[in-house]
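Structural features, examined
Each chain is listed here by its residues.
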Amino acid sequence: MIRLFILLLLATFQVGAADFPAKPVRLIVPFPPGGPLDIVGRLVARRLQDQWGQSVVVDNRGGASGAIGTDQLAKSAPDGYTIAINSTPIVATPHLQKLPYDTLRDIAGVSQIAEIEYVLVATPKSGVTAFDELLAAARRQPGTLNYASAGNGSGQHLYMELTKGATGLNLNHVPYKGAAAALQALLAGEVDFMYEVAVGVIPHIKAGKLRALLVTGTRPLEALPGVPPFESALPGVGITAWHGMFAPASTPRPILEQLGADIGRAVLSPEVSARLRELGFQPTGVPYLRFNETVARDLERWGKVIRDNNIRAD
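Residues numbered from 1 in each chain as written. Predicted model: local features only at pLDDT ≥ 70, side-chain atom pairs only at ≥ 80, totals over all residues. Heavy atoms only, no water.

**Quick look at the side chain of Thr-167**
The following threshold applies: Numbering of helices and strands starts at the N terminus; helices are DSSP runs of H or I of at least 4 residues and strands are runs of E of at least 2. Accessibility here uses a 1.4 Å probe with only protein chains present; expressed as a share of the type maximum, an area under 20% marks a residue as buried, one over 50% as exposed, and anything in between as partly exposed. Any two residues whose heavy atoms approach within 4.5 Å are treated as being in contact.
Along the chain, Thr-167 falls in helix 7 (residues 155–167). Assessed through its relative accessible area of 15%, Thr-167 is described here as buried. When sequence neighbours within four positions are dropped, the list of residues in contact with Thr-167 reads Leu-135, Arg-139 and Leu-234.

Below, the structure is given as structure tokens:
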């Protein structure tokens, strides 16, 4: 009798996956509109609507470094009709603040969308045009150069801690309330340099307002040819950031598999992948099992960076 019940339950899940989606899907973006995560989420959502013939409703739920929107996802019905886009900070935040959910227990990765590279950029006022020049200037004047970040524990801060650890540089950290404020301070010449996601600084680099010194990751960015990657300047140091889709952890596996396949197909479609590359992303479309391995691995790796540098959230 128990065996029959299990078989019937599995059959129900399989039928549900075959019919999915039969109604609109909600896509939570745990940050305000207009940021990189929102831009990518809406790009993929439009393609999914075409594939599914169903609406994908984008729901921006910002606050608490993404924790508010992620908590809503964790508490949503595990039926595939509520998903969320998130990025690498989802594996850093648990080490910085107490959360109402458990990253590994309550949410599951569905598909990695893209790898994200941060760009180390300097203001022209600094006089620095290359990474080697930055190293030389910082060593000549230890403790005098300032770098901006979106706040303590932000991606900008963590990548600079990686750089400092690899080079031994003595730099002053100036945390701002968000990436937009930090970038404005850099453009105004209030600070000397910062890391920022490529999509946020490529327009300023091409306009000559900022100088690109380095990109994170293992290979050059297609959108910034000639700018050296971490792997050539600081071998073995880089941890690649990413964007990905998530669902409640107890979502049936057939639904997770279909969501992962559909999102991967959307990401790797010619129009979406081309646009992602223009924005400075590397489209990946990694399926859910491999993506969850990445999430678990990076949860530990970024945790070590945070613990080793005694980083505390604002």
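That was the structure; now back to the text.
**Considering unusual backbone geometry**
Between Phe-20 and the following residue, Pro-21, the backbone shows a cis peptide bond with an omega angle of -5°. Looking at where Pro-21 falls in the secondary structure, it is placed in the loop between helix 1 (2–19) and strand 1 (25–29). In this structure, Asn-310 is a non-glycine residue whose phi angle is positive, near 50°.

**Points about the pattern of salt bridges**
The test is simple: Think of a salt bridge as a Lys or Arg side-chain nitrogen and an Asp or Glu carboxyl oxygen that are within 4 Å of each other.
Within the structure shown, the criterion is met by 15 salt bridges. In this structure, the salt-bridge partner of Arg-26 is Asp-59, at a minimum N-O distance of 2.9 Å. Of this pair, Arg-26 sits in strand 1 while Asp-59 sits in strand 2 (residues 56–60), and the two are 33 residues apart along the sequence. Taking relative accessible area as the criterion, Asp-59 reaches 15% and is therefore assigned buried. Lys-75 is paired through a salt bridge with Asp-71; the nearest N and O atoms lie 2.5 Å apart. Salt bridges sharing common partners tie together Arg-26, Asp-59 and Arg-61.

**A look at helix 8 (residues 179–187)**
The condition that has to hold: Here the arc refers to the directions that run from the helix axis out to each C-beta atom.
Those residues of helix 8 that sit buried are Ala-182, Leu-183, Ala-185 and Leu-186. Projected down its long axis, helix 8 shows its buried positions confined to an angular sector of 160°, all on one face. Relative to its buried face, helix 8 has exposed residues pointing more than 90 degrees away, namely Ala-180 and Gln-184. Elements that come into contact with the buried residues of helix 8 comprise strand 5 (118–122), strand 6 (146–149), strand 8 (193–197) and helix 9 (198–206). Downstream of helix 8 by a residue or two, Gly-189 has a phi angle that is positive, lying close to 80°.

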